[in-house]
Amino acid sequence: MRHLSLVSRGGFLMLALCLALGAARAEAPPLAPLPPPTGEVVLRVGGAIQVKNSGDEAAFDMAMLQSLGVFTITTTTLWTDGEQTFAGVPLRAVLDRVGASGSKIDAQALNDYRADIPISDLQKDGPILAYSQNGVPLSVRDMGPLWVIYPYDSSLSFQTELIYARSVWQLQRIVVLP
C-alpha cells in the first residue's frame, strides 16, 4: 500500500510539473518592437495597445502595413460600379501587431467621420484595410489611402446599414477601446 501512495504522490508531482511547464509555454511571447516608419505615416493606432513607436501610439507607413500580409477581397460595394478587387492588410493583423486588447475600435477618417467597429468583426474573413483597388493605389480622392472593406458579397450579414457605416474610407487613425 505504501508503494502505491508513493507512486500516486510521484504521479501527482509529475502531473503538477507538467501542468506548470505547459502553463509557462502557453504564455504569449513578448511582441517585437515596432520600428519607426521611414515613409509617410498613413495610419496611427492608439488606445489599449502594447507596442508603440511614436509616443503613446503606433505609427505605420504603407510598407509597414504591407509587411503584415496582403489579402484581397473581390466584391461589389455601394460606392463603386460593378465588382472590384481590393488589396489590403487584414484589420486583425494590424491589431495583433500592436498587441491590442479591447472590445471595439474607434475608426477615424480624415474628414472626422468615425465609426465603432467591434473586435468580434475581425474574424478570419473580416474586414481589411484596403490600400489598392483593381491594382491601383487608393488616393485620398479615391477614398484612400486606407479604406475599411468588408467582403460584402460573401454573406448577407455583411450587407447591412451597420456594416456599411463601419466601412470608413480615408481612414487615418484607430483607437482601441476597452
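Definitions and limits used
Residues numbered from 1 in each chain as written. Predicted model: local features only at pLDDT ≥ 70, side-chain atom pairs only at ≥ 80, totals over all residues. Heavy atoms only, no water. Helix = DSSP H or I, 4+ residues; strand = E, 2+ residues; numbered from the N terminus. Buried < 20%, exposed > 50% of the residue type's maximum accessible area, 1.4 Å probe, protein only. Core = buried A, V, L, I, M, F, W, Y, C linked by side-chain atoms within 4.5 Å. Contact = heavy atoms within 4.5 Å. Pairing = 2+ DSSP bridges. Salt bridge = Lys/Arg side-chain N within 4 Å of Asp/Glu carboxyl O. Polar contact = N/O pair within 3.5 Å; in protein donor to acceptor, adjacent residues only side chain to side chain.

S.K.: Looking at this model, I keep getting lost on unusual backbone geometry. Mind explaining?
M.R.: Among all residues save glycine, negative phi is the norm, and among peptide bonds the norm is trans. With an omega of 5°, the peptide bond between G144 and P145 qualifies as cis. As for its placement among the helices and strands, P145 is situated in the loop between β8 (136-137) and β9 (147-149). In this structure, D112 takes a positive phi of about 75° despite not being glycine. D112 sits in the exposed class, given a relative accessible area of 64%.

S.K.: What is the right way to read the nonpolar core from this model?
M.R.: If you look at soluble globular proteins, the nonpolar side chains tend to sit buried side by side. Among the nonpolar cores identified, the biggest contains 44 residues, and L43, V45, F60, L129, L171 and I174 are the most heavily contacted of them. Contact partners of F60, with chain neighbours within four places excluded, come to L34, P37, E40, V41, V42, L43, V45, L65, L68, V94, R97 and V98.

S.K.: Sorry, what's going on with the pairing of strand β6 (residues 114-118) here?
M.R.: Consecutive side chains along a regular strand alternate between the two faces of the sheet. The alternating pattern of β6 places A115 and I117 on a buried face, while none of R114, D116 and P118, on the opposite face, is buried. The turn linking strand β5 (residues 104-109) back onto β6 is made up of 4 residues, and D112 within it adopts a positive phi angle of 75°.

S.K.: Where do I start with the pattern of salt bridges in this structure?
M.R.: Pairs can form between side chains of opposite charge once their charged atoms are near each other. In total, this model carries 6 salt bridges according to the counting rule given. The partner of D96 in a salt bridge is R92, with the nearest N and O atoms 3.0 Å apart. A residue pair is termed a helical-turn pair when its members lie 3 or 4 positions apart in one helix, as D96 and R92 do in helix α3 (residues 91-97) at 4 residues. Between R166 and D121 there is a salt bridge whose closest N-O contact spans 2.8 Å. In this pair, R166 sits in the loop between α4 (161-165) and β10 (171-177) while D121 sits in the loop between β6 and β7 (128-133), placing the two residues 45 residues apart along the sequence. D121 carries the same exposure label as R166, and that label is buried. Among the charged side chains, a network of salt bridges with common partners joins R44, E57 and R173.

S.K.: I tried to follow the side chain of D61 on my own but got confused; where do I start?
M.R.: Mapped onto the elements of the fold, D61 is located in strand β2 (residues 58-61). Within polar-contact distance, the side chain of D61 engages the backbone nitrogen of T38 at 2.9 Å. Every residue in contact with D61, bar those within four places of it in the chain, is listed here: P37, T38, G39, E40, V41 and V42.

S.K.: When you look at the side chain of E57 in this model, what are you seeing that I'm missing?
M.R.: Here E57 is to be found in the loop between β1 (41-47) and β2. Among all residues touching E57, those that are not within four sequence positions of it are R44, V45, G46, I49, K52 and R173.

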